[in-house]
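Architecture at a glance
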Amino acid sequence: MPAPRYFEGRAFDTCEAPSLDVMRAWRASPYKAVGVYFGGRGRGCPAQRELTPGWVASVHGQGWRLLPLFVGSQAPCVIAEAKRRYAIGRTPWRQGTQEAGEAVRAARALDLAAGSPLYLDIEAYRTEDARCAETTLLFVRGWNREVRRLGYVPGFYSSADSGVRELELQRLAGTRDLPSAVWFARWRGEPALDTETVLHPLAWRPHGRIHQYAGEVTETHGGRRLVIDRSVVDAPVAHVGT
């Protein structure tokens, strides 16, 4: 597997991949990386009309670094009502393994090569529901193991106070098959990559953290407007092409 490629700086994500013209205009922004929702049955914008291998190659050629996000099955106790129909089923490890295979196939179809991170998006859930938390952990661990076996780098996105807090507890307990990078959402308005309270200062360091610090904000760069989430990154980004 190729060595991970790391990026440090600002990133944004938006529900649907913007056009190449918008991405070109946004080169004038402070952002140098973009989150891309490349697969999964739980995506909010499943059509992704712009997202093709050509788009990936062109955006990468413009100088953007890519953070691939996979929104598959969700915790049975997910808080967002719209995500409840995507609940993890009765065999979470097997389902996580199957969806990992789906994620890798989708990544390869876009020329996101081996060694790329694939960030599993698990939306906020009720961690006080012990059975649900265990089901979710099994799904995530199965997904991580299979992504690694297939030559990619497993990452994990969730809210700081649910999924990321749970994984930090598992890390401290010595649990295996955890992600190589965590992308935690806490909308403070300002970056706090190194000072997140649910993470030990050495957890997922170096090069294993992304902080999504603001969400659903409108910005205009190069005359083109988008509604985005803002993140600061010190983590793996995609390898594009062979």
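Just so it is clear, the structure is predicted and the values come from calculations on it, not from any experiment. (Residues numbered from 1 in each chain as written. Predicted model: local features only at pLDDT ≥ 70, side-chain atom pairs only at ≥ 80, totals over all residues. Heavy atoms only, no water.)

**Digging into the pairing of strand S5 (residues 153-159)**
Selection rule: We call a residue buried when its accessible area falls under 20% of the maximum for its residue type, exposed when it is over 50%, and partly exposed in between, using a 1.4 Å probe and counting protein chains only. Only DSSP runs of H or I with at least four residues qualify as helices, and only runs of E with at least two residues qualify as strands; both kinds are numbered from the N terminus onward. For two strands to count as paired, DSSP must find a minimum of two bridges between them. A right-handed crossover is one whose linking path, passing over the helix from the first strand to the second, runs clockwise when the strands point away from the viewer.
Burial of S5 is extensive: seven of the seven residues sit out of reach of the surface. Relative to S5, strand S4 (residues 117-121) is paired through five bridges, and the arrangement is parallel. For Tyr119, the partnering residue across the bridge sits in S5 and is Gly155. Following the chain from S4 across helix H4 (residues 130-149) to the adjacent parallel S5, one finds a crossover that is right-handed. Pairing analysis gives five bridges linking S5 to strand S6 (residues 181-185), with the strands arranged parallel. Looking across to S6, one finds that Tyr157 is bridged to Trp183.

**Details of the sheet that holds strand S8 (residues 224-237)**
Note the threshold: Simply put, an axis is a line fit to the C-alpha atoms, just over the touching stretch for a helix, and the angle between two N-to-C directions goes from 0 to 180 degrees. By definition, residues are in contact when any of their heavy atoms lie within 4.5 Å.
Pairing is mixed in the closed barrel, where eight strands are placed in the order S1-S2-S3-S4-S5-S6-S7-S8. Taking the axes of each pair of neighbouring strands and ignoring which way they run, one obtains an average angle of 35 degrees across the sheet. On top of the sheet, helix H5 (residues 160-172) reaches S5 and S6; it is set at about 140 degrees to S5, its chief contact.

**Focus on the pattern of salt bridges**
Worth spelling out the cut-off: The rule for a salt bridge is simple: a side-chain nitrogen of Lys or Arg has to be within 4 Å of a carboxyl oxygen of Asp or Glu.
Enumeration over the complete set of coordinates arrives at 13 salt bridges. The salt bridge involving Arg149 is made with Glu146; its shortest N-O contact spans 2.9 Å. Here Arg149 pairs with Glu146, and both are found in helix H4, just three residues apart, close to one helical turn. On the basis of relative accessible area, Arg149 is assigned to the exposed category, the value being 59%. Overall, Glu146 belongs to the buried group, its relative accessible area being 14%. We note a salt bridge from Asp194 to Arg205, for which the minimum N-O separation is 2.5 Å. With Asp194 in the loop between S6 and strand S7 (209-221) and Arg205 in the loop between S6 and S7, the pair connects residues that are 11 residues apart, well separated along the chain. Of the residues examined, Asp194 reaches a relative accessible area of 49% and is grouped as partly exposed. Here the salt bridges do not stand alone but share partners, grouping Asp161, Arg165, Arg186, Arg188 and Glu196 into one network.

**A look at unusual backbone geometry**
Glycine aside, residues mostly have negative phi angles, and peptide bonds mostly take the trans form. Residue Pro206 follows Arg205 across a cis peptide bond; omega there is -5 degrees. Of note, the phi angle at His207 is positive, near 60 degrees, even though the residue is not glycine. With respect to the element layout, His207 can be found in the loop between S6 and S7. Exposure remark for His207: the relative accessible area of 25% places this residue in the partly exposed category.

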